[in-house]
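Here are the chains, one letter per residue:
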Amino acid sequence: MALPQAQPGQPTPGQPTSGQPTSAQPGPEGSPAPSAGLPSAPQMTLYGGAPATRRVTVRDLAAAKQRGDRWPMLTAYDALTAGVFDEAGIPVILVGDSAGNTHLGYENTVPVTMDEMAMMAGAVVRGTRRALVVADLPFGAYQASARQAFDNAVRLVKEAGVGAVKLEGGERVLPQVRLLVEAGIAVMGHLGLTPQSVHTLGGLRVQARDEAAAARLLRDAHALQEAGAFSVVLEAVPAELAAKVTAELSVPTIGIGAGPDCDAQVLVWPDMAGLTPGRTPKFVKKYADLRDVLGRAARAFADDVVAGSFPAAEHTYR
Ligand SMILES: Nc1nc(=O)c2c([nH]1)NC[C@@H]1CN(c3ccc(C(=O)N[C@@H](CCC(=O)O)C(=O)O)cc3)CN21
Ligand SMILES: CC(C)C(=O)C(=O)O
């Protein structure tokens, strides 16, 4: 299988942008080349069955919706983890502001800054070759005006090299979405539980449970599509509502706690990998137990050092 090349629209620093792809290309920034192998099923699907020779685009996602193909999205906040997901065939990687409560140690997503997002998004772009990388515009980076949204989105596109940005809200962010899309920036919407509004929502709870709120969400979804959004995240909403939105929209819906009928599903990676401590939301499925694995490794290393059994002869220069 040939490794994909970076697309001009989403440069991967250190990668050539032309020439025949080979399996011996060095990885970004001197990291080892990903192991060559058959692309996994989701990646094949996204490319319409063709080998993955370039980054996923918003057109690929539109085509997947036409075919009725589902796809997975995961968050990532660093090059190393993003590279693992990219090689696993995850076609879309979200540099979510969930980094606030996962990787940065804040209580929620509200304190996350543009500097933090730009740093993490750049790392994720450099660590991947095939995935479409989407970065969140953090709280305070777009609500004030379309101009503010534009300036900050441009920074993520030019500085970090992302292929798209995500922002939360419906009606109230339509001017922002329109301006970004007119300027050539792909926009992912986000409706339902919008964690940046935790203080006005009064906690992180399931949204749009009554008829009026459900009707409003459906209107917002249509309005985002009309404004040019290429997809819409539906977070913590009743499955029936998400199914209705998914059936009515021509752009893909990406569910998290939104039932099985969305076009795509996203999870926050430390949740699905079992790294998040304590209680996780009901919608999380734990696919691994990294907290246990990593904790064991750390304790084994500590025990070896205390016992004097590490480093052994094979780890020692003579
Ligand atoms: N680690 C992590 N995972 C996430 O999924 C996530 C974040 N962080 N940060 C940003 C938002 C916040 N999210 C959350 C966080 C908590 C619940 C939660 O506790 N939900 C309750 C629902 C209670 C109800 O209204 O019935 C639950 O029990 O699932 C939901 C979404 C999703 N996002
Ligand atoms: C939960 C997902 C959709 C998100 O917005 C994030 O990771 O910040």
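Look above for the structure.
In this text the structure is predicted, and so the values were computed from the model without any measurement.

Visitor: Lay out the pairing of strand S2 (residues 92-95) in plain terms, naming residues and giving numbers.
Guide: Covered by surrounding structure in S2 are Val 92 and Leu 94 together with Ile 93 and Val 95, the residues of both alternating faces. Here three bridges tie strand S1 (residues 71-75) to S2, and the two strands are oriented parallel to one another. Considered in S2, the bridge of Leu 74 is made with Ile 93. As a crossover connection, the stretch from S1 through helix H3 (residues 79-87) into S2 is right-handed. As judged from the four bridges shared by S2 and strand S3 (residues 132-136), these two strands associate in the parallel manner. Residue Val 95 lies in a different strand from S3, and its bridge partner there is Ala 135.

Visitor: Can you lay out the packing of helix H9 (residues 211-227) against helix H10 (residues 239-248) for me, pointing to particular residues and giving the numbers?
Guide: In the contact formed by H9 and H10, the axes pass within 10 Å of each other and the chain directions differ by 30 degrees. Classified by the interaxial angle, the pair formed by H9 and H10 is roughly parallel. The element H9 and its partner H10 pack so that their crossing is right-handed. Every residue of H10 that contacts H9 at Ala 214, Leu 217, Leu 218 and Ala 221 is listed here: Leu 241, Lys 244 and Val 245. Of the residues in the contact of H9 with H10, the class split is six nonpolar, no polar and one charged.

Visitor: Which residues make up the site of ligand 2, and what values go with them?
Guide: If you check the shell around ligand 2, you find Thr 75, Leu 94, Gly 96, Asp 97, Ser 98, Thr 109, Asp 136, Val 233, Glu 235, Ile 256, Val 266 and Val 268 and nothing else. Each residue belonging to the shell around ligand 2 can be placed in one class, and the counts come to five nonpolar, four polar and three charged.

What counts, and where the lines are drawn
Residues numbered from 1 in each chain as written. Chains lettered and ligands numbered in written order. Predicted model: local features only at pLDDT ≥ 70, side-chain atom pairs only at ≥ 80, totals over all residues. Buried ≥ 20, exposed ≤ 12 C-beta atoms within 10 Å, placed from the backbone. Helix = DSSP H or I, 4+ residues; strand = E, 2+ residues; numbered from the N terminus. Pairing = 2+ DSSP bridges. Right-handed = clockwise from strand over helix to strand, strands pointing away. Axes fitted to C-alpha atoms, helices over the stretch in contact; angles between N-to-C directions. Parallel < 35°, antiparallel > 145°, perpendicular 65-115°, else oblique. Left-handed = near helix turned anticlockwise from the far one by under 90°. Contact = placed C-beta atoms within 7 Å. Nonpolar A, V, L, I, M, F, W, Y, C, P; charged D, E, K, R; others polar. Near = placed C-beta within 6 Å.

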